[in-house]
Amino acid sequence: MKKIMRRVLGGALSLVMMVGLLTGCSGSAQDPIQEVMGYDGSTVLFTVDGNDVTAADYFFWMAQNADYVASYFTGMGLELDWTNTLGGSQDMDSYVKDSSMDTAVLYSIVKSKAAEYGYELSKEDEAAYDEDLASAKEELGGDEEYEDFLLSMCITDEGMRDMSTVGVLYNQMKDGLFREGGEFAATPEDLNAYAEENDLLCAKHILLMTQDMTTGEALPEADAAAKKAQAEDILAQLQAIEDPADLEKKFDELMNEYSEDTGSNTNGGLYENVAKGE
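The model shown is predicted, which means the values in this text are computed figures rather than measured ones.

A. Geometry of unusual backbone geometry. Positive phi values are uncommon outside glycine, yet D49 reaches one of about 55°. Locating D49 in the fold gives a position in the loop between strand 1 (44–48) and strand 2 (51–54). Even without a glycine there, the phi angle at D199 is positive, about 50°. In this fold, D199 is placed in the loop between helix 8 (188–197) and strand 3 (200–204). On the basis of relative accessibility, which here comes to 41%, the residue D199 falls in the partly exposed class.

B. Geometry of the environment of Q90. Structurally, Q90 can be placed in the loop between helix 3 (55–75) and helix 4 (92–116). In this structure the side chain of Q90 is engaged in a polar contact, spanning 2.6 Å, whose partner is the side chain of D98.

C. Spotlight on the nonpolar core. Of all hydrophobic cores here, the largest spans 31 residues; its most connected members are L45, F46, F59, I155 and M160. If you list the elements that add at least two residues to this core, you get helix 2 (32–37), strand 1, helix 3, helix 4, helix 5 (123–140), helix 6 (143–152) and helix 7 (157–177). For this core, the element with the highest residue contribution is helix 3, accounting for 10 residues.

D. Seen up close, the side chain of N65. With respect to the helices and strands, the residue N65 is situated in helix 3. On the accessibility criterion, N65 (13% relative accessible area) is buried. A distance of 3.1 Å separates a polar atom in the side chain of N65 from a polar atom in the side chain of S100. In contact with N65, other than residues within four places in its own chain, are V96, S99 and S100.

E. Broad picture of the confidence of the model for the chain. Considering every residue of the chain, the mean pLDDT works out to 82; 87% of them sit at 70 or more. The model gives residues 1–24 a pLDDT under 50, and that stretch makes 49 contacts with residues more than four places away or in other chains.

F. Examining the packing of helix 5 against helix 6 more closely. One can describe the packing of helix 5 onto helix 6 by two numbers: an axis separation of 8 Å at closest approach and a directional angle of 100°. Comparing the axis directions of helix 5 and helix 6 gives the class roughly perpendicular. Contact residues: Y129, L133, K137 and L140 in helix 5; D143, E145, Y146 and F149 in helix 6. A breakdown of the residues in the contact of helix 5 with helix 6 according to their chemical character gives five nonpolar, no polar and three charged.

G. Broad picture of the packing of helix 5 against helix 7. For the pair helix 5 and helix 7, interaxial distance at closest approach is 11 Å and the crossing angle is 130°. For the element pair helix 5 / helix 7, the angle class is oblique. You can see that helix 5 and helix 7 cross each other, and the crossing is right-handed. Along its contact with helix 5, which presents D125, E126, Y129, D130 and L133, the element helix 7 presents D157, M160, R161, S164, V168 and Q172. Split into classes, the residues belonging to the contact of helix 5 with helix 7 amount to four nonpolar, two polar and five charged.

H. Examining the pattern of salt bridges more closely. A full pass over the atoms with the stated rule returns nine salt bridges. In this structure, K204 engages D252 in a salt bridge whose closest nitrogen and oxygen atoms are separated by 2.9 Å. With a gap of 48 residues between them, K204 in strand 3 and D252 in helix 10 (residues 244–258) connect regions that are remote in the sequence. Residue K204 is classed as partly exposed on the basis of its relative accessible area of 32%. In this structure, the salt-bridge partner of K250 is E253, at a minimum N-O distance of 3.9 Å.

The rules behind the values
Residues numbered from 1 in each chain as written. Predicted model: local features only at pLDDT ≥ 70, side-chain atom pairs only at ≥ 80, totals over all residues. Heavy atoms only, no water. Helix = DSSP H or I, 4+ residues; strand = E, 2+ residues; numbered from the N terminus. Buried < 20%, exposed > 50% of the residue type's maximum accessible area, 1.4 Å probe, protein only. Polar contact = N/O pair within 3.5 Å; in protein donor to acceptor, adjacent residues only side chain to side chain. Core = buried A, V, L, I, M, F, W, Y, C linked by side-chain atoms within 4.5 Å. Contact = heavy atoms within 4.5 Å. pLDDT = per-residue confidence, 0-100. Axes fitted to C-alpha atoms, helices over the stretch in contact; angles between N-to-C directions. Parallel < 35°, antiparallel > 145°, perpendicular 65-115°, else oblique. Nonpolar A, V, L, I, M, F, W, Y, C, P; charged D, E, K, R; others polar. Left-handed = near helix turned anticlockwise from the far one by under 90°. Salt bridge = Lys/Arg side-chain N within 4 Å of Asp/Glu carboxyl O.

Pasting the structure below:
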């Protein structure tokens, strides 16, 4: 096992790039990993809590992450350089390999925990997947085009179905285990402790714009002065209220009436999980 992992993590990225994984795997639709890497996609690379993570699992995410990095460099007009750190501490080669392992581990844990707690796809879930798959094939042009798509993703049809179920299982567990009253529901004390440890808070504000959002130019001085006077009036109204409940109610009223912030209007003006300094 350790020898396989050293072989994979030591030189895998350069080999995958050399055979053209970024532009699509070649070889058999039954096992594209065999053609690209020289061993079966079912080869176990490592285990997570006793559960196997195969070459197919790992290299699927390597293909995704490598393609993401390549697309980023292209979009930024940069030459693709896997040794580039983009100002960080980790080069792109290491980023792709580490991110791929992290995601493969996460997916393995989700599947393991789903089995442990008895979560599985319902008949409705299966039917929904089949319906989405049929639509995807139609959009791509047919079965042959779909097979080509799977090859470009370095994954089999069975693998794609397996990967797609993880998100469904995750949401089932999240809704079932962590909902209020669920086995792992967070208590108010848990939430407060987490927020304090990570310097998180929820915030609302009343935004009065002093620039024209269409042109990006500053408002005329007279208009800006009017906005400042309006802000001072709003502040005075709030400062005159002592009761916290009344203050919150009044703040919401004024926010809904005057705030020009369109970024939070779908969430009642609330910004959640705001980190310190943001």
